[in-house]
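This is what each chain is made of:
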Amino acid sequence: MTYCDIQEKNEQTTTEIDTRIFVGKVEQVFGLTSAINKHQTSSSLYLSEQGLEGDECAELKFHGGAERALHHYPAEHYLFWQIKYSESVSKWAAPGMGENISTLGMNEENVCIGDQYQWGEAIIEVSQPRSPCYKLNQRWDVADVSTSMQQLSRCGWLYRVIKSGMVDSNSRLTLITREENALTVKQVCDIFFGDPLNKEALLSLQAINKLSINWQRTIQTRLTSGKLENWNFRLLGHA
């Protein structure tokens, strides 16, 4: 298994990444009760352990909370989706995946679980990949967006907030800490979604102490039962 390269760590530690910030309220949109329809803001916002001031979540069982306070999706991915679904959707752009943070230069292959970033006054830490759901299919009116995102590990990722504080669109993300032998978001996705009952691989994920509690519980359940949970409702919206 390949780990994040130490040289990459040294380079990213001094790299500052420009950000765009998005927040949204729960509303009836795309046939859903959801806060997926976010809008860009240039205002200074307070980031607490529960997320950005003014940002809401419709289903707290699946979204938000201390380990899912922020959603980050790479802006580069939209061109990929535009090309893939060009016949059915003419325009793909942030914040179409319901993200709070959009950047150029950060993706699942160079961001690791446990990475800590200084962001304005706040410090945030990568807690888990995002688990795609059927609401993305409805949002884009494309039946298999969620499934494709999961299969390709183009999921984005979530953060927990280590230190609260004010952030704004001029606040850059600066990598300040990376765990030794950290796994990238893509590596975690490739195991969790792509090889989900491989015991040795699951044990390697279980050893990541910065991986979210929810993902750790799912991994333990798989190891104990030897069975895979049903993904149909999350990905497709039905059993």
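From a predicted model like this one, the values you see are computed outputs, not experimental measurements.

## Comments concerning the overall build of the protein
Then step 1. When helices and strands are tallied, the protein shows 8 helices and 14 strands.
Then step 2. Across its three principal axes, the protein shows a C-alpha extent of roughly 45 × 40 × 30 Å.
Then step 3. Evaluated residue by residue, the protein yields a buried proportion of 49% over its 239 residues.
Then step 4. Pairs at least 24 residues apart make up 75% of the contacts formed inside the protein by residues separated by at least 6 positions.
Then step 5. Taken as a whole, the protein presents about 11400 Å² of accessible surface, with 49% of it coming from carbon and sulfur.
Then step 6. Each charge class in the protein was averaged separately, 23 positive and 29 negative side chains, and the resulting centres sit 5 Å apart.

## Regarding the environment of leucine 183
Then step 1. One can find leucine 183 in the loop between strand E14 (173-177) and helix H5 (185-192).
Then step 2. With a relative accessible area of 5%, leucine 183 lands in the buried category.
Then step 3. Spatially, the C-alpha atoms of leucine 183 and valine 23 are 29 Å apart, while their sequence positions differ by 160 residues.

## Focus on unusual backbone geometry
Then step 1. A cis amide bond links alanine 94 to the next residue, proline 95, at an omega of 5°.
Then step 2. Backbone geometry places phenylalanine 30, a non-glycine residue, at a positive phi of 55°.
Then step 3. Tracing the chain through its elements places phenylalanine 30 in the loop between strand E3 (27-29) and strand E4 (32-34).
Then step 4. Backbone geometry places aspartate 141, a non-glycine residue, at a positive phi of 55°.
Then step 5. Checked against the element boundaries, aspartate 141 lands in the loop between helix H3 (134-140) and helix H4 (145-152).
Then step 6. For aspartate 141, a relative accessible area of 69% corresponds to the exposed category.

## Examining the sheet that holds strand E6 (residues 45-48)
Then step 1. The sheet built from 3 strands is open, its strands ordered E7-E6-E13 with antiparallel pairing. In this open sheet, the two edge strands, each paired with only one partner strand, are strand E7 (51-52) and strand E13 (165-167).
Then step 2. One ladder, built from 3 bridges, connects E6 with E13; its direction is antiparallel. Along E13, the bridge assignment pairs leucine 47 with glycine 165.

## Let's talk about the environment of serine 169
Then step 1. Mapped onto the elements of the fold, serine 169 is located in the loop between E13 and E14.
Then step 2. Of the residues examined, serine 169 reaches a relative accessible area of 25% and is grouped as partly exposed.

## Structural notes on the packing of aromatic side chains
Then step 1. Following the criterion strictly, the structure yields 11 aromatic pairs and no others.
Then step 2. Ring plane angle 20° and centroid distance 5.7 Å describe the contact between tyrosine 85 and tryptophan 92, whose orientation is recorded as stacked. Summarising the burial analysis for this pair, tyrosine 85 and tryptophan 92 share the class buried.
Then step 3. Members of the aromatic cluster, joined through ring pairs, are Phe80, Trp81, Tyr85, Trp92 and Trp140.
Then step 4. Geometry around tryptophan 140 places arginine 139 over its ring, the cationic atom sitting 4.0 Å from the centre.
Then step 5. Over the ring of phenylalanine 80 we find arginine 154, and its NZ or CZ is 3.9 Å from the ring centre.

## Topic: the nonpolar core
Then step 1. Residues Trp92, Trp119, Ile124 and Tyr159 are the most contacted members of the largest nonpolar core, which totals 56 residues.
Then step 2. When residues of this core are assigned to their parent elements, the largest contribution, 5 residues, is made by H5.

Rules and cut-offs
- Residues numbered from 1 in each chain as written.
- Predicted model: local features only at pLDDT ≥ 70, side-chain atom pairs only at ≥ 80, totals over all residues.
- Heavy atoms only, no water.
- Helix = DSSP H or I, 4+ residues; strand = E, 2+ residues; numbered from the N terminus.
- Buried < 20%, exposed > 50% of the residue type's maximum accessible area, 1.4 Å probe, protein only.
- Contact = heavy atoms within 4.5 Å.
- Areas by Shrake-Rupley, 256 points an atom, 1.4 Å probe, with all protein chains shown as cover.
- Lys, Arg positive; Asp, Glu negative; His and termini not counted.
- Charge placed at Lys NZ, Arg CZ, Asp CG, Glu CD.
- Pairing = 2+ DSSP bridges.
- Phe/Tyr/Trp six-rings, centres within 6.5 Å; stacked < 30°, edge-to-face > 60°.
- Lys NZ or Arg CZ within 6 Å of the ring centre and 35° of its normal.
- Core = buried A, V, L, I, M, F, W, Y, C linked by side-chain atoms within 4.5 Å.

Just geometry here; none of it tells us what the structure is for.
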